[in-house]
Amino acid sequence: MKKLILLTSTIFLVAGTQFILSLAPDVQVRVEAVSPQEIDELGWTTRASNGLRVVGVGELVYLVGLEETDTLTVTGYEWSVAVVPTGSGLTALDSVGTMWNTFRPDVEGDYTIDLTITTAEAGAASSSVSITAANYVGVGTMVPGVAPDAGAGQCAACHPTNATQWSGTGHSSKFTRAIDGIEHSFYADRCNQCHTVGYNTDPEADNFGFDDLQRLLGWTMPDTLQVGNWDSLVTAYPDLAQKANIQCENCHGPGSQHKGVLGRRTGPDAAPRIQISLDEGVCGSCHEDQPYHLKTIQWKNSAHANGSTFASRGTSASCAPCHSGYGFVNRTDIEYAARDLPETGAQNISCAVCHDPHSARNEHQLRVLDDIELENGFVITKGGSGKLCMNCHHDRRAGGADVYVAEPRSTFRGPHGNVQADMLFGQNYISFGRVLPNSTHKDVTPEACVTCHMSEPPGVGELGENKLGGHSWNMHAEEIVGLDTVEVYNVSACRNCHIPTMTSFEDLLAREDHDGDGDIEPVQHEVEGLLEQVAMLLPPVGEPTVNIRDPLWNTEESLLQRKAAWNYLYVEEDQSHGIHNFQLTVALLKLTKEVLEYGVLSEGVIVGIEDVPNDQGRQVGVAWNRFGGDGASDTPLQDYWVWRRVDGNMGKVNQTDLISSIEAVPTGEAASARVGKMSVVMDGHLWTAVGHQPAASMDLYSAIVPTLADSTAAGAYWSVFKVSGHAEDSQTYVVSDPDSAYSIDNLEPMAPVLSFAGVNADPNNPSVNWLFGFDREDPLNVDFNYFAVYRAEALFDPSGMDPIATTTDPFFRDSDVELGKTYFYTVAAVDFSGNRSEFAPMEQVAVVVGIDGTGEVPKEFALHQNYPNPFNPSTTITFDVPSTSVVRVAVFDLLGRRVQVLVDGEVAPGTHRAVFEARDLSSGLYVIRFETPERAFERTVMLVK
């Protein structure tokens, strides 16, 4: 406002003409309420006033003159008495040239006071105020215990409904209960100034108030407060009883001028006969006096008392139901609305806005506790007294979030301010089809808003006194301690469920790092971090603020951004930064961030295709990043398909598997069954569906898919792939760019087993026989190609050697051997991709199966002593065979374990020799066993190293 005034006070030159823009003073004269607390703080000796324009004769009226623009420099105040009733001697007010002034009306009737304010910038301007002075009459026959024909009361005669309602309130019996000793053990005459009608002991205030009748009738306060005192007063002083307790005139002003006058004459220029006021000063004249009466003191520290909030909006018919006291009462109280009172105005949300002074319909005389229907149709049925707050503290956009964001609009505003009820009950946000979690606050706070915001305030002298809880409703305040500003928090209600010793919301740590900044912070900071992340993605992109005036919102294409902006502003307007519903707040911001990052349908990228390690080949792993639209979106992806290009003749494809177009690709449950069973033409090539993954909002996906062929040592064979993403309707899809890779068989077969099958000792055709195989069936051997046989005359490393033979048969005969030599054998399996298995354990065989030089044929089987013995590392074993026979010569250790087979097979007649090679054995005794068709022979030999 100051910026505008400076501009309008400037001299502008337009087309050679000089214009001087100036402002005139905006003058207002107000009858001001002054509470007992304010009297004490100002050091005045006068009495409190309720600020009504209907006052008792002789009561002090407080006036204040205001220059409403609050921008001009006031240089003078000139007060004057313009109109007085007949018989009045009032000619001037109590002060001259001051902003504040006072006077006492001396007779019944109407008074008009004028004020002229002079300013340095704009000269003088005037205004006036009309005031009615009257005497007190009492409510009438509705005073409890008073006979119908007693006294001179009048209110009940014309307003029986209001009087009946009032008779059920605590106001109607406050004095009664007090003198009967029901409420307190103490009560004195000084208490009557708030608990009776017109009590004012100033000598000038002779207006038939309680104190005037008490003086005239001679009644005195009982010495003992006990039951029966009220009945005695009613019997002896019925007229005085008519002015006892807190009655209509305490809040509406004395009624002697109102009786029989049609209309209320409440216009700004008219003297009222009776007054209806929502000003807090009416209640504050009694409810603002430390240390016992604190409600108004607390209220003045609340947002409800912020006049600037209500002055700007309370005059709007659409805003008045929440921003004007009259507007709220008219909307929530049918009986009040029927009285044809103002519906707009700049009244704060004061005591009488929430509390109906007439009614005792509920414990706290709250105007309405009906169920609340939110704009999206959800009905709130729980919340106790907090439902009164929810009448205003919820979104006001007709139809709710989904309706508001659906259409572009010239001005996008997001949810209406103060959406606390929506947040608490988890309603009226854009869910993008997701089901989001909710906290249990709505269930564990029986009075909803009231449970926490009106929790027990700090005590006298404590930090936050009158600034937290109670009727301040505040959850946070600042206190000056010395030279420091101290933050104080209203967390007393939180301690019941959270941390018994907590002193601030900073004590409530989140359970995880929701905003991903590397620290687990208090819940509100985690929410603030998420809010900033979302704001960075909304216009202006890259800045931690959201510009809701950006033209972007007013386009068909901006629907997704409008939805995201609604959610961002929804959390902002809740104002608790997660306290009301932390689970929903965090989930909603994460969802909204996801929408802004991935909500627009767009293709992703194949980030890698790699051969599947340790497999038999013909497979690769395809990895791709998340496509736009995967997750929360207006067109969410449902499925991913991986396609492999078919090289060669398209006619080789089964035409029954050829779908018409990629728009016909199945989605949902039917999709996975079609993997490998359908093909489609894209970009002039045939593509086969080889992989499928349902969309799951993951940042990275992968699928193992088949290739057309493996790459081998003979050359690389490349397979080409694409990935497509499809929405539920299939017609909406995007396809990635192609990428290619090759597969290889990189899994070697299992090692075969090498079994000695005997030696052919025929001098003309010696040979060593072997059996090959595997000790079990194993998938590793599905692509087995052949066995590779390796041999040497000493221990050897076969890995760098060529095999002496390859065979696919399980039997191998090595005929390329010489008598008298010892051979070492091993074998490996090789698959079709050239992968070689590990080698079988090496076997030693002595082919020294020769006839002794004597040429004589032995007459019987015999095993001779070896030579040398002891030996290192080898010794010769000699044995006799009388006729062609199948024999075996084997070596065992002393535990009976066979360590070598020297001969195993058919041997010709003669004396034969075999070499026992013990290079790899440890020192000790070994047994040579010679098995023949007739019997077995054994000898013990000693290896010494």
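About the criteria used
- Residues numbered from 1 in each chain as written.
- Predicted model: local features only at pLDDT ≥ 70, side-chain atom pairs only at ≥ 80, totals over all residues.
- Heavy atoms only, no water.
- Helix = DSSP H or I, 4+ residues; strand = E, 2+ residues; numbered from the N terminus.
- Buried < 20%, exposed > 50% of the residue type's maximum accessible area, 1.4 Å probe, protein only.
- Contact = heavy atoms within 4.5 Å.
- Patch = residues over 30% accessible without salt bridge, like charges linked within 9 Å, V, L, I, M, F, W, Y side chains within 5 Å.
- Areas by Shrake-Rupley, 256 points an atom, 1.4 Å probe, with all protein chains shown as cover.
- Salt bridge = Lys/Arg side-chain N within 4 Å of Asp/Glu carboxyl O.
- Pairing = 2+ DSSP bridges.
- Axes fitted to C-alpha atoms, helices over the stretch in contact; angles between N-to-C directions.
- Parallel < 35°, antiparallel > 145°, perpendicular 65-115°, else oblique.
- Left-handed = near helix turned anticlockwise from the far one by under 90°.
- Nonpolar A, V, L, I, M, F, W, Y, C, P; charged D, E, K, R; others polar.

Chemist: What am I meant to see in the overall build of the protein here?
Modeler: Looking only at helices and strands, one finds 25 helices and 36 strands in the protein. On the principal axes, the C-alpha backbone points of the protein span a range of 170 × 80 × 55 Å. With 945 residues in all, the protein has 47% of them scored as buried. Across the protein, the fraction of contacts at a sequence separation of at least 24, relative to all contacts at a separation of at least 6, is 62%.

Chemist: Please explain a nonpolar patch on the surface as it appears in this structure.
Modeler: Side chains of Leu-42, Trp-44, Met-99 and Trp-100 sit close together on the surface and give an oily, nonpolar patch of about 370 Å² of accessible area. Tracing the chain through its elements places Leu-42 in helix H2 (residues 36-42).

Chemist: Just checking my understanding: could you explain the pattern of salt bridges for this structure?
Modeler: Two side chains bearing opposite charge may form a pair once their charged atoms approach each other closely. Inspection of the entire model under this criterion finds 29 salt bridges. Taking the shortest distance from any N to any O, the salt bridge between Arg-104 and Asp-202 comes out at 3.3 Å. Of this pair, Arg-104 sits in the loop between strand E7 (100-103) and strand E8 (109-119) while Asp-202 is found in the loop between helix H6 (192-195) and helix H7 (210-217), placing the two residues 98 residues apart along the sequence. We classify Arg-104 as partly exposed; its relative accessible area is 24%. In this structure, Asp-212 and Arg-215 form a salt bridge, with 3.4 Å as the shortest nitrogen-oxygen distance. In this pair, Asp-212 and Arg-215 are both assigned in helix H7, three residues apart and thus about one turn of the helix distant. By relative accessible area, Arg-215 is classed as exposed at 52%. Several salt bridges converge on common partners, so that one network encompasses Arg-47, Arg-104, Asp-202 and Glu-204.

Chemist: Would you mind showing me how to read the sheet that holds strand E3 (residues 27-31) here?
Modeler: Within a beta sheet, neighbouring strands are joined by backbone hydrogen bonds and run either parallel or antiparallel to one another. An order of E3-E5-E7 is seen for the three strands of this open sheet, with the pairing classed as antiparallel. One side of each edge strand has no neighbouring strand; the edge strands of this open sheet are E3 and E7. Between one strand axis and the next, the sheet turns by 25° as a mean value, whatever way the strands run. Sheet topology places strand E5 (residues 61-67) next to E7; four bridges connect them, and they run antiparallel. Residue pairing across strands places Val-61 opposite Phe-103, the latter belonging to E7.

Chemist: Help me understand the packing of helix H23 (residues 523-537) against helix H25 (residues 582-598), please; the structure alone is not making it clear to me.
Modeler: The description of two helices packed together rests on the angle between their axes and the distance between the axes. Where H23 contacts H25, the axes come no closer than 9 Å and their chain directions differ by 20°. Looking at the two axes, H23 sits roughly parallel to H25. Of the two possible hands of crossing, H23 and H25 adopt the one that is left-handed. Taken together, the residues of H25 that come into contact with H23 (itself represented by Val-523, Val-527, Leu-530, Leu-531, Gln-533, Val-534 and Leu-537) are Phe-582, Thr-585, Val-586, Leu-589, Lys-590, Thr-592, Lys-593, Leu-596 and Glu-597. Split into classes, the residues belonging to the contact of H23 with H25 amount to 10 nonpolar, three polar and three charged.

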